[in-house]
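Chain by chain, the residues run as shown.
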Amino acid sequence: MKICHDDVEALKAPDVLRAYCERELGAGRRRGVLTFYRCPWGAHTRLKLEVTEKNGVGLAMCRACNRGGSVLDVAAGVLGTDAKRDYAAVVEHVAEAVGYSLRADDTPHRGRRTPARRRFTPTRPQEPRERADGAPAEYLPAEAEKAALEAVRRAADNPAAMARYADELGLPLRDLMTHTDMELAGRGMLGLSPDGHLLYVYTCHDPAGAVRVLMVKMRSWPEDVAQGKQRFYCGKGSHKQALYGAGSICASESVIITEGESDCLALRAALDAWLEYELHNEPDTYPPLELIPAVVAKPDAGTFRPVWAAPLRGRDAILCVDNDEAGRRGASDTAAILKAAGACRVYAWSPAGKCKDVREAYRLGNPCELIDNLLTNKTKI
């Protein structure tokens, strides 16, 4: 849909910016004419985002990050994207967050009278958002959700196609196929698109026990990436509401957070192998359920939304980072957010030697040794 200019102008109103910040960044703190919120770009433990207005436009500024702008810039920071590159998606996200109905572009032709500018003030306090079909807004629209669950069933029925990805990722096919079991939806799932692309399907169980879909991320084929295409695509309507596999956290006292879904799959495969070894060789010391760490994934090294930290409050967190500067910087930023949210202890760990990431360490080493190394050599930060 082509975005109407008047709609964008209406969304840039000061009240819309404040309502959006309260919705996506948490409660703010007012000081004089300024209101401060959590910064969407940095990992500051204090509220650093200044929100004010000028000439009828809401403006935000984080002086620590030296970044700011309108509600669209703030939303781009929340989504981990660029306001210019993903302009339409950012506008749609802001409109959905504050309950504003976008119109198709109605730019007048020559000779027509310019329509009056729309004004919009969100109702405050806002009620939990719902879509037209009555479902909570964090889930995909009904048709997209249905297609995602069909993709999971397609993968479950086609182990031959999944074997290609098992070979590409260097992981056992058996472990990939466990992520097509609807009973384990809290761990995140895998699917196949109609044309055979691997899909990371972010799933959870709703209060009634039904499997719901939050986001779908498509993995491109290596030959496509070699030709300069993007490695991953997120479907329209997807929302980064939770970490991949966040539904597995509830019973665990500690959580391992990896960079990316494939690292999460590799570490789970290693952990399952380690537990199987312990069960058959050291049954007297086999850990109880609450001491078995949950394994989840954030989408990349630099992205960690404060809302993701809420389920980790009171738990230990181990950040599995890649052996590069981006991984170490991302671990530092994520650790600050986790500590501010109330995580008990935060640790960092990266694979030994020259292994780039967890998946490479799994492929080149012994799974049990990988888990032993992680639990023994993690560093408190």
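Residues numbered from 1 in each chain as written. Predicted model: local features only at pLDDT ≥ 70, side-chain atom pairs only at ≥ 80, totals over all residues. Heavy atoms only, no water.

## Overview of the state of the cysteines
Tallied over the full model, the rule gives zero disulfides. Here Cys39 stays unpaired: no disulfide links it, and the sulfur of Cys62, its closest cysteine neighbor, is 3.6 Å away. Here Cys264 is not cross-linked by a disulfide; its sulfur's nearest cysteine counterpart is in Cys320, at 9.8 Å. For Cys264, a relative accessible area of 0% corresponds to the buried category. (Disulfide = S-S within 2.5 Å. Buried < 20%, exposed > 50% of the residue type's maximum accessible area, 1.4 Å probe, protein only.)

## Points about the nonpolar core
Core analysis: the largest hydrophobic core is formed by 43 residues, its most contacted members being Met162, Leu176, Leu190, Tyr244, Leu265, Leu267 and Leu370. Residue contributions to this core peak at nine residues, all from helix α9 (residues 261–281). If we ignore the near neighbours within four places in the chain, the residues touching Leu265 are Leu169, Leu171, Leu176, His179, Leu190, Tyr200 and Tyr244. Core analysis: the second largest hydrophobic core is formed by 33 residues, Leu72, Val74, Ala75 and Ala97 among them. (Core = buried A, V, L, I, M, F, W, Y, C linked by side-chain atoms within 4.5 Å. Helix = DSSP H or I, 4+ residues; strand = E, 2+ residues; numbered from the N terminus. Contact = heavy atoms within 4.5 Å.)

## Concerning empty space enclosed by the protein
Per the stated rule, a full pass over the model turns up two cavities of 30 Å³ or more. Taken as a whole, the second largest cavity spans an internal volume of roughly 40 Å³. Taken together, Leu171, Asp175, Leu176, Thr178, His179, Arg187, Leu265, Arg268, Ala269 and Asp272 make up the full set of residues lining the second largest cavity. Elements that contribute at least two residues to the lining of the second largest cavity include exactly α7 (173–177) and α9. Ranked by residue count, the leading element in the lining of the second largest cavity is α9, at four residues. Class assignment of the residues belonging to the lining of the second largest cavity gives a composition of four nonpolar, two polar and four charged. (1 Å grid on protein atoms, 1.4 Å probe; cavity = no way out; pocket = protein on both sides within 12 Å on 5 of 7 lines; lining within 4 Å. Points joined across faces, edges and corners; volume = space filled by probe spheres on them. Nonpolar A, V, L, I, M, F, W, Y, C, P; charged D, E, K, R; others polar.)

## Some thoughts on the pattern of salt bridges
A pair can form between side chains of opposite charge whenever their charged atoms are brought close. As enumerated under the stated definition, the model contains 17 salt bridges in all. Here Glu261 makes a salt bridge to Lys217, at a shortest N to O gap of 3.2 Å. Taken as a pair, Glu261 in helix α9 and Lys217 in strand β8 (residues 211–219) lie far apart in primary sequence, 44 residues in all. In this structure, Glu325 engages Arg329 in a salt bridge whose closest nitrogen and oxygen atoms are separated by 3.9 Å. Here the residue Glu325 and the residue Arg329 both occupy positions in helix α10 (residues 325–341), the gap between them amounting to four residues, near one helical turn. Judged by relative accessible area, which is 47%, Arg329 ranks as partly exposed. One network of salt bridges, in which partners are shared, links Asp15, Arg18 and Glu53. (Salt bridge = Lys/Arg side-chain N within 4 Å of Asp/Glu carboxyl O.)

## Digging into the sheet that holds strand β6 (residues 189–192)
Spatially, four strands are ordered β6-β7-β8-β9 in an open sheet, and the strand pairing comes out antiparallel. For this open sheet the edge positions go to β6 and β9 (232–234), each flanked by a neighbour on one side alone. Adjacent strand axes in the sheet meet at a mean angle of 30°, parallel and antiparallel pairs treated alike. Of the pairings in the sheet, the one linking β6 to strand β7 (residues 198–205) comprises four bridges and is antiparallel in character. Residue pairing for β7: Gly191 is matched across the bridge by Leu199. (Pairing = 2+ DSSP bridges. Axes fitted to C-alpha atoms, helices over the stretch in contact; angles between N-to-C directions.)

## A few points about the environment of Val51
Mapped onto the elements of the fold, Val51 is located in strand β3 (residues 49–54). On a C-alpha basis, the gap between Val51 and Leu34 in space is 5.7 Å, while along the polypeptide they are 17 residues apart. Beyond its immediate sequence surroundings of up to four residues, Val51 is in contact with Leu17, Arg18, Cys21, Val33, Leu34, Thr35, Tyr37, Leu59 and Ala60.

## Describing the packing of aromatic side chains
Two measures describe an aromatic ring pair: the distance that separates the ring centres and the angle between the ring planes. This structure, assessed with the given rule, holds four aromatic pairs. Judged by centre distance (5.1 Å) and plane angle (65°), the ring pair of Tyr202 and Tyr244 falls under edge-to-face. Within this pair, whereas Tyr202 is found in strand β7, its partner Tyr244 is found in the loop between β9 and β10 (254–259), the two being separated by 42 residues in sequence. Here the aromatic cluster, defined as three or more aromatic residues joined through ring pairs, consists of Tyr200, Tyr202, Phe232 and Tyr244. Directly above the ring of Phe36 sits Arg31, whose terminal nitrogen or CZ lies 5.1 Å from the centroid. (Phe/Tyr/Trp six-rings, centres within 6.5 Å; stacked < 30°, edge-to-face > 60°. Lys NZ or Arg CZ within 6 Å of the ring centre and 35° of its normal.)

## Here's the deal with the environment of Leu370
With respect to the helices and strands, the residue Leu370 is situated in helix α12 (residues 367–377). Placed 18 residues apart in sequence, Leu370 and Ala352 show a C-alpha to C-alpha distance of 9.1 Å. Among all residues touching Leu370, those that are not within four sequence positions of it are Leu267, Ala270, Trp349, Val358, Ala361 and Tyr362.

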